[in-house]
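Each chain is listed here by its residues.
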Amino acid sequence: LIVAHLPHGPTAYFNLSNPILRHDIEGRPNIPEVFPHVILDNFSTPLGRRCATILRHLFPVPRADATRTATFANRGDYISFRHHVFKKVSYKEVELLELGPRFEMKLYQLKLGTPEQKEAEDEWALRPFMNTAKKRKAL
């Protein structure tokens, strides 16, 4: 998955894994046509905050009463995407209904330019030796 912000960048490159399509989820409701609230969890490093900013700007600003959410949760440098609708059951309780799709993403390259710019420099890239450092997390 390539996420490019035009006209000047940055561009993020992700590997997708474990995709489950919307039609494979049982009992899914219809998707409301409102903009979703974006939930970003556990993006604590400088690279994680940069990645969170890129993902945050994929969606426009929602209305305050919107009941649709898009969640990006970072666990061990894998970003889980989930898409839900919530319904308030009581004052303290909320019921979540999954809309789908859901998948895992892993960032492998971050460039400062757009994809067609060959001279754009790499801001960050996943290298083979980085996989051996189990305790060190990039995002």
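All values reported here derive from a predicted model rather than from experimental measurement. Residue numbers here run from 1 along each chain, matching the order of that chain's written sequence. Local features in this predicted model are restricted to residues whose pLDDT is 70 or higher, and side-chain atom pairs enter the listing and the counts only when it is 80 or higher, whereas totals over whole chains, interfaces and linings include all residues. For the side-chain quantities, the full set of heavy atoms in the structure was used; hydrogens and water were omitted.

**Concerning unusual backbone geometry**
Leaving glycine aside, a negative phi is the common case for residues, and trans is the common case for peptide bonds. Heads up, the rule is: Counting from the N terminus, the helices are DSSP H or I runs at least four residues long and the strands are E runs at least two residues long.
At the junction of Gly9 and Pro10, the peptide bond is cis and its omega measures out at 15° in the coordinates. Position of Pro10 among the secondary structure elements: in the loop between β1 (2-4) and β2 (11-20). Cis peptide bonds are those with omega within 30 degrees of zero, and the linkage from Gly100 to Pro101 qualifies with 0°. Positive phi is not limited to glycine here, since Asn42 has a value of about 70°.

**Section: the packing of aromatic side chains**
Selection criterion: Pairing of aromatic rings covers Phe, Tyr and the six-membered ring of Trp, with a centre-to-centre limit of 6.5 Å; geometry is then stacked below 30 degrees between planes, edge-to-face above 60, and tilted otherwise. Accessible area is worked out with a 1.4 Å probe on protein chains only. A residue is then buried under 20% of its type maximum, exposed over 50%, and partly exposed in between.
Applying the stated criterion to the full structure yields four aromatic pairs. Between Phe59 and Phe72, the ring centres sit 6.4 Å apart and the planes meet at 50°, which makes this aromatic pair tilted. Taken together, the residues Phe59 in the loop between α1 (46-56) and β4 (68-75) and Phe72 in strand β4 connect sequence positions 13 residues apart. Relative accessible area serves as the criterion here: at 24%, Phe59 is assigned to the partly exposed category.

**As for the pairing of β2**
The criterion, for reference: Here, strands pair whenever DSSP counts at least two bridges between them.
Here β1 pairs with β2 via three bridges, running antiparallel. For Val3, the partnering residue across the bridge sits in β2 and is Ala12. Here β1 folds back onto β2 in antiparallel fashion, the turn holding six residues, of which Gly9 has a positive phi close to 105°. Inspection of the sheet shows β2 paired to strand β7 (residues 102-111) by eight bridges, in the antiparallel sense. When the sheet's bridge partners are listed, Thr11 is paired in β7 with Lys111.

**Some thoughts on the confidence of the model for the protein chain**
Our working rule: For every residue, the predictor assigns a confidence score, pLDDT, that lies between 0 and 100.
Mean pLDDT over the protein chain stands at 92; residues scoring 70 or higher make up 95%. For the protein chain, the element scoring lowest by mean pLDDT is strand β6 (residues 94-98), at 93; strand β3 (residues 37-41) scores highest, at 97.

**So, the environment of Phe72**
Note the following rule: For this analysis, residues touch if any pair of their heavy atoms sits within 4.5 Å.
For Phe72, a relative accessible area of 4% translates into the label buried. Taking the C-alpha atoms as reference points, Phe72 and Pro7, separated by 65 residues in sequence, lie 25 Å from one another. Leaving out residues up to four positions away in the same chain, Phe72 has contacts with Val38, Ile39, Leu40, Asp41, Phe43, Leu55, Phe59, Ile79, Ser80, Phe81 and Met105.

**Section: the nonpolar core**
Rules: Think of a nonpolar core as a cluster: buried Ala, Val, Leu, Ile, Met, Phe, Trp, Tyr and Cys residues, connected wherever their side-chain atoms sit within 4.5 Å.
Phe14, Leu55 and Ile79 are the most contacted members of the largest nonpolar core, which has 19 residues in total. Mapped onto this core, the elements with two or more residues apiece are β2, α1, β4, β5 (78-88) and β7. At five residues, α1 tops the list of elements feeding residues into this core. In this structure Leu55 touches Phe14, Leu40, Phe43, Phe72, Ile79 and Met105, once residues within four positions along its chain are discounted.

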